[in-house]
Structures are given as structure tokens and as C-alpha cells.
Number of protein chains: 2
Amino acid sequence: MKRPTIADIARQAGVSKGAVSYALNGQPGVSESTRQRIIAIATEIGFNPNSAARALSGAPARAIGLALCRPARTLGMEPFFMELISGVEAELSAMSFALTLQVVANADDEIAVYRRWWGERRVDGVLICDLRVDDPRVPVLEELQLPAVVIGGPGHTGALAHVWSDDAAALVETMEYLAALGHRRIARVGGMPGLLHTETRTAAFDAVARRLGLAEASTIGADYSGEDGTRATRRLLSSPQRPTAIVYDNDVMAIAGLAVAQEMGLSVPGDLSIVAWDDSPLCRLVHPALTALGRDIPAYGSQSARTLLDLIAGAAPAGYQAETARLTPRGTTAPPR
Amino acid sequence: MKRPTIADIARQAGVSKGAVSYALNGQPGVSESTRQRIIAIATEIGFNPNSAARALSGAPARAIGLALCRPARTLGMEPFFMELISGVEAELSAMSFALTLQVVANADDEIAVYRRWWGERRVDGVLICDLRVDDPRVPVLEELQLPAVVIGGPGHTGALAHVWSDDAAALVETMEYLAALGHRRIARVGGMPGLLHTETRTAAFDAVARRLGLAEASTIGADYSGEDGTRATRRLLSSPQRPTAIVYDNDVMAIAGLAVAQEMGLSVPGDLSIVAWDDSPLCRLVHPALTALGRDIPAYGSQSARTLLDLIAGAAPAGYQAETARLTPRGTTAPPR
DNA sequence: CTGAAAGCGCTTACAG
DNA sequence: CTGAAAGCGCTTACAG
């Protein structure tokens, strides 16, 4: 099958190619009746503008890029990314933008991908995940002047637009809830050190523990995988003064922790309370159902995409605060006995 | 920053733009010394060919498309897709191909996406998931002559290339294992009816049950979500002659089923044996760990991508059989008591 | 309001 | 082995 072009439409409508372009793009320069006629013909023959020709003429490529820098092992397990992507897609589809996805092995590769995308003019902008403290990607994107929205922050985002959620506040709410239940020995299994949100949470955890007078509150760093959740939980529950409550930085590690407690013959929530960050459907699948900190991740993705599309359309970079995660108590939290 | 073009390289090297193109693409037409000089300059100034210009000149767009037609709710939960995507990416990255992802709401939208991608010349080929019986996508892709690899089959793939795994054989192995343990009342919670692999598995299930003389073997259709897994399991376990073993078509539903059994005070595997299809890390997170049918999903994705790249390069469409899923017995299967 | 033309940055026959 | 030129399908000033 031959793809129809604007030349075909122009011939059928008896006008120039320029007129077709103006009509299809809603530009002034054609009469309303001509525009309608041209649009009717385009629809009828199933015309879609060649994206390469369009991009080559200086128009946007109508694609945005998302590079994911996580080992395949943890990527598959994290409902977070797929939920984020569905939200991003919902927004992009509405605007007929495509999503170009790339899984990378490390930060250097990720930066190389941005440089390549920029050079190839393949995407009009990018979404940045897993912001790090002093993230090397930020100055590169500033230099390239490639429109970018950081999903994370605040802070360490340079002059880039960002969409963030107040993790510190969510953690404070959780700690106060556990303290109100009577817990005095609370531990945390955190995410990867160096990630900004890990550091933010750790700082908030330490501060609130001090304020509440919890002496032995400490964080163990982990990599979000079930294996690491298992390992960290075993270590915590084997210590002489084991915690009566553990807060996990994602739900996968929390589920792993729950299984470890059951294996060791501890009752949950009787002997151990568990709180998970990220309230994916997984949390309601296990028994007992997990108490979790959740928020609308697809909406977070949609907001990020919308911010990026605005940026591409010429808006100035800004910060947007999304909702704060809310605690949903379920079956894994109770007063210590 | 201005993007460097072949004109910049040509000027610096003192040759024509054509010569630069030949040199960079490994075509004959330039001497080896000129080629080396040109490549050195290109590397030094960080040249990347403008993908739009390239595509407009008839070269491949160097991108493939993947449209996912699942509700956001089940998408986020299914480790399968992210694992498949990491495998696809591994192959594409090596060949500097991009992956264009689109989440669609239904089959009609998905077909519209393929027509648009074809018209826009946005992708060089597509990967098709969730093959249905008499799938309407197949004739459309044949008509468009858009290179396509169906992840699924065999059968119902028309003249399209496909990569498949023998689900019937895997199910037979599972049933024989359960029968050997002494189970006589085996039920199955299946995937969406109409999906080819659901139908294949159902047919195999019925056939092997008949052969083994299991009278009450029946399948309940579900949608892969935890909620449906919960609902189906409750129904099965509330029946007067409840099954002593249940086979689930994915791991998410199996985990939901495990929680239902625990809630109802049944011991697993004492009162109920459970087998999950898809052996993601989730299966080892719960307690007891799930007996599961697993195979290397990233490798399946890589093979599919490789088949598609071959097709784009001009190979004839063919069928490729990937490994059959293997049963890994863990803590949820035992003789009925 | 409309048409003819240049140009985006490549690739690829076609001459020398 | 190399250069000059056409062409891919659009967009967008520039004339009429």
C-alpha cells in the first residue's frame, strides 16, 4: 500500500500543498470552506502526516523520551513504573504524542541516551526518574536545552521543571501513627542511598524519631528488591532488641518482610507491625493486607507529562507539587504486645 | 547548542556530504583513509544523524512499536510485561533501535495506532501481544505490510512471524505432577477467554483431565487481576466438593488465592495445593513460596525483538519456538490430606 | 485568501 | 574513488 501524502490531497482538492498544510494544521491562510473540503479528503483517504518530514521541517517530533535506569530484576517487580507509564500515556495519547522508552544500565549510558536523542532530534523532551543528590543528568540537560521534567525533588533539580510529592510529611504522619499505637522501637528499610527521595525520607525519619524520643530508630539501605527486603528484615528481627514496627520504602520489600516474619514464627501485627510505601494492588493481595502509604501514581505520571508538554509548547520551567501520600491502615499494624 | 550535521563534517574533512554519508554508513565509495578521518571527526564533534532526515530519505526509522491493550490496573501488576520489555530493550539497544510504547484501551484503538504508525512512518515494525482467536489485528497488519512479530501462537497468526511457547505441554506436566501427588479434584483459574493462550490452555486442561479420569476438573475465567483471583478462589473453595488443588494462569491471581485460603483457615499445601503460571520474583516473596511454572521472559522478549529486526532487514516471516515453561515445586504443593 | 518556492538533513543513483 | 544533484514529505516565509 502506498502512503497518501499532502500532494495527493492537494491534487484531489485542486489546491497547493501549502494550502493543505495550513488547513490540516489549523493555520490561517485558507478559507473555511477550503479547509473543510481538505479535511474531508484527508479523513477519507486515511492521511497521516509523515512524522519524519514534519520533524525535519522544524516541527516537534511529537515524541517524548523516558529512560529507566534500574536492573531488569527490580524493574519487572515494581508496579510503580508501569502505573507511572500508564498515566504518562493517558496524557500523551490525548495529544497524539508518542513515548520512546529506553532501559539503561547506568547513569553514564543514560546521559549518552539523552545526548543521542537530542542529536537525532528523536524526542521533544524527556522525563527524568530516580533523581539523585547532585544528579549529573541535570547539568547535561540544562546544557542541551532539551525540555525536561524531573519526577522528584524539590531541590537538586537545577533550573529544570519538576513534579514532586512531600515524602517527608508522609513519613512524619506514619511515625506519629506508629508512636500513637505505642511503638518505641521502629526501624526502616530504605531505598537506594543517593536517591534524593531516599535521603529526604531518611532525614525526616531521623528528625521525627529524635523529636518523639525514639532511641533506636535506624534505617537499613536496600535496593527495592524482595531479596534485599528479606535480608534486611532478617537482620532486624534477629537483633537482641528487635523492632516492633518496620517501615519499608516500597511494597515489594514490605511483602518480603511479612513473609520473613511469618517464617520466623512472629505474628503480624501482634509481634511486628509493618508499613509499606507505595500502595499498589499487591498490598491487598497478601494476608494480612498491608498498611500502606499510597497516592495516585497514574495521576502523578499524567501531571508530569502535562508539565512536559507545556514546556515543549514554550512554558517556563516550574515546580508542581502533587498530592502527599496518605496512610491506609490495614491488617499489618496494631499496638505492640 | 547547535546540532552538528554531515555538512559540518564534510567542511572539516574537505569532502562532499555524500562522502560523509558513505563513510558513516559503511558503504563503499570512499577510501579507507578518508573513512577513518571522517569517522574521527564525527566522533569528536559528537555527531548523531538526524533521525527524521534519515527516515525521510527512505532509511528505516530505527524504531519499533509496542501497543499494550490492558487496563492500567492489571498492567502495573503484571511483572510479565516489564520483564518482556527489558528483554526487548536489551536487543534493541544493541542495534540502536528505539522502542515506541503505546497503551491503548481496546482492540479498535490498537488497530488505529498501527494505521497511524504506518502512515506516519514512525516505526519500522511492531510487536503484537495477547493474540486472540481470529485476531482482527492480523489481517490489518498483513494488508499494511508492516513488519510484525506476534508474541504468541501457534495458529491464528496468518502469514505473520511469531515467537511462541508450548503452553499445552507445560500444563500437561503440571497436571500429571498434581495427579501423581494424589490430587483428584483439580480446578483452574484461567486468563481472559478469547486470548489464544487461554483457549490453548483450557483445551489442554480438559484433555488431560479426561485422560487422567478427573471428573470435576473445571476452569473459571478471570482477568489476571488479584480481585478476580480472589473472587474465583472464594467460589471454588466454598463449593461442597472443593478442589484440593488449583492452577492459576498468572502469579498475581495465585497470590490472591493463597491469601483467600489462609483467610478461610485452610492450610496450604495441606488442604489446598496451588500452582502459579509465570514465575516472577513475587512467587518467592510470599509464605509459603509458590510452586510455579516459569520461563525466561526477558529472553522471550529478546528473541521476539531479534525476529522483528531480522524481518525489517528483509528476512522471510517464520515461526520460532521458545523454551517451554518448567515447573518449580516449592511450598504450595503436597499430597492432599 | 492562495500559489510557487526554498529549505530541513539526510541517502542514493548518476556522472566524472 | 569522489562530487554535484535530486529527492524524501512536510512547513513556512514570501509574493501575488
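The paragraphs below set out a description of the structure included in this document. Please read these numbers as outputs of a predicted model, since none were measured by experiment. (Residues numbered from 1 in each chain as written. Chains lettered and ligands numbered in written order. Predicted model: local features only at pLDDT ≥ 70, side-chain atom pairs only at ≥ 80, totals over all residues. Heavy atoms only, no water.)

**Describing the relation of the copies chain A and chain B**
Each copy of the chain is related to the other by a rotation around an axis and a translation along that axis. To be explicit about the condition: Least squares is the method for superposing the copies, and the C-alpha atoms it fits come from residues with pLDDT of at least 70 in both. Contacts are assigned to residue pairs with any non-hydrogen atoms lying within 4.5 Å of each other.
When chain A is brought onto chain B, the operation consists of a screw motion whose angular component is 180° and whose axial shift is 0.0 Å, with 0.0 Å RMSD remaining. As the rotation angle and translation indicate, the two copies are arranged about a two-fold axis. Comparing interface residues between copies, 100% of those in chain A also lie at the interface in chain B; the contact surface is shared.

**Some words on the packing of helix 1 (residues 6-13) of chain A against helix 2 (residues 17-24) of chain A**
Residue and element names in this part refer to chain A. Filter applied, for reference: Think of each axis as a best-fit line through the C-alpha atoms, taken over the contacting stretch in the case of a helix, with angles from 0 to 180 degrees between the N-to-C directions. Here a strand is any run of E in DSSP of at least two residues, a helix any run of H or I of at least four, and the numbering for each starts at the N terminus. Roughly parallel here means an angle under 35 degrees, roughly antiparallel means over 145, roughly perpendicular means 65 to 115, and every remaining angle is called oblique. Throughout this entry, Asp, Glu, Lys and Arg are counted as charged residues, while Ala, Val, Leu, Ile, Met, Phe, Trp, Tyr, Cys and Pro are counted as nonpolar. The remaining residues, Gly among them, count as polar.
At a closest axis distance of 8 Å, the pairing of helix 1 and helix 2 adopts a crossing angle of 105°. In terms of their interaxial angle, helix 1 and helix 2 are classed as roughly perpendicular. Mapping the contact onto sequence places Ile6, Ala7, Ile9 and Ala10 in helix 1 and Lys17, Val20 and Leu24 in helix 2. When the residues that make up the contact of helix 1 with helix 2 are grouped by side-chain class, the tally is 6 nonpolar, no polar and 1 charged.

**Structural notes on the protein's contact with DNA strand C**
The cut-off we apply is this: Whether a residue is near a molecule or strand depends on its heavy atoms: it is near if one of them lies within 4 Å of it. For this analysis, a polar contact is any N or O atom pair within 3.5 Å, provided that within protein one partner can donate a hydrogen and the other can accept it, and provided that sequence-adjacent residues contribute only side-chain to side-chain pairs.
Around DNA strand C, 23 residues are found, and the nearest of them are Gly29 and Ser31 of chain A together with Ser21, Tyr22 and Ser57 of chain B. Sugar plus phosphate, as a fraction of atoms of DNA strand C within 4 Å of the protein: 53%. At a separation of 2.8 Å, a phosphate oxygen of DNA strand C approaches a polar backbone atom of serine 31 of chain A. One of the side-chain N or O atoms of lysine 17 of chain B is found 3.4 Å from a base nitrogen in DNA strand C. Of the residues forming the surface near DNA strand C, the biggest block, 4 residues, is contributed by helix 2 (residues 17-24) of chain B. Its residues placed into classes, the surface near DNA strand C shows 9 nonpolar, 12 polar and 2 charged.

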